[in-house]
Amino acid sequence: LKYRGGLDSVEEAVKCELQKPSPMRMWSIAKAYELGMSVEDVHQLTNIDRWFLAKLHHIHRIKQSLRSMDIFGLREQPELLREAKRCGFADRQIAPMLRPKDCDSALSPGLKALSDRFLGVQMYSGGRVKEEHVRYLRKKLGICPVVKQIDTLAAEFPAETNYLYITYSGEENDVQLP
């Protein structure tokens, strides 16, 4: 969100941007949540349905939760990682949100052993968390997408072509995988 001169604050600029439909409006909603505005505040300014705004606010809360922990904390909360994936966060997006450990010496012997054993792909020994660390953790926790099928013929006839999609919202695959 680009701050336009003449307004007293970033919050004022966001409120102004929220009041008119534009391609930037979605980013303004995200910024409004970062500034502490509620779903009701955003609704009053945009007249966007509260249900949709609540869904966006949920994504914001997931992002805040991820920013408050490191990869070892995330390992202890697999339900948060599962929900982040269900909400559409990529491993590449999750990695930079996680707090890094300062350095190798900041890891206790227990965490050092854990990182050696658990994050195997490329041992995490402090510093920036990488996409590979999150992917390995996700797979180790059994958080994998499933393949779902949409019946394009509404069960009237057997479908000759499959319409498939991958999601983290399911429990099992709809089709047999090789």
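S.K.: Give me the overall build of the protein chain: which residues, what numbers.
M.R.: Secondary structure summary: the protein chain contains nine helices and two strands in total. Mapped from its N terminus to its C terminus, the protein chain presents α and β elements in the order α-α-α-α-α-α-α-α-α-β-β. Residue burial in the protein chain is summarised as follows: out of 178 residues, 31% are buried. The contacts of the protein chain with a sequence gap of at least 6 include a subset with a gap of at least 24, amounting to 48%. Carbon and sulfur atoms make up 52% of the accessible area of the protein chain, which totals about 11,300 Å².

S.K.: How would you sum up helix α6 (residues 78-86)? Please name residues and give values.
M.R.: When α6 is considered as a whole, its buried residues turn out to be Leu80, Leu81, Glu83, Ala84 and Lys85. Residues of α6 that are buried in the fold lie against α4 (50-67), α5 (71-75), α7 (91-97) and α9 (131-140).

S.K.: Talk me through the side chain of Arg25; I want residue IDs and the actual numbers.
M.R.: Counting through the fold element by element, Arg25 comes out in helix α2 (residues 25-34). Despite its burial, Arg25 remains without a salt bridge, the nearest opposite charge being carried by Glu17 at 7.7 Å. Discounting residues that sit within four places of it in the chain, Arg25 has contacts with Glu17, Leu18, Gln19, Lys20, Leu45, Thr46 and Ile48.

S.K.: How would you sum up a nonpolar patch on the surface? Please name residues and give values.
M.R.: Taken together, Met26, Trp51 and Phe52 make up a surface patch of nonpolar side chains, about 340 Å² in accessible area. On the accessibility criterion, Met26 (40% relative accessible area) is partly exposed.

The rules we used
Residues numbered from 1 in each chain as written. Predicted model: local features only at pLDDT ≥ 70, side-chain atom pairs only at ≥ 80, totals over all residues. Heavy atoms only, no water. Helix = DSSP H or I, 4+ residues; strand = E, 2+ residues; numbered from the N terminus. Buried < 20%, exposed > 50% of the residue type's maximum accessible area, 1.4 Å probe, protein only. Contact = heavy atoms within 4.5 Å. Areas by Shrake-Rupley, 256 points an atom, 1.4 Å probe, with all protein chains shown as cover. Lys, Arg positive; Asp, Glu negative; His and termini not counted. Salt bridge = Lys/Arg side-chain N within 4 Å of Asp/Glu carboxyl O. Patch = residues over 30% accessible without salt bridge, like charges linked within 9 Å, V, L, I, M, F, W, Y side chains within 5 Å.

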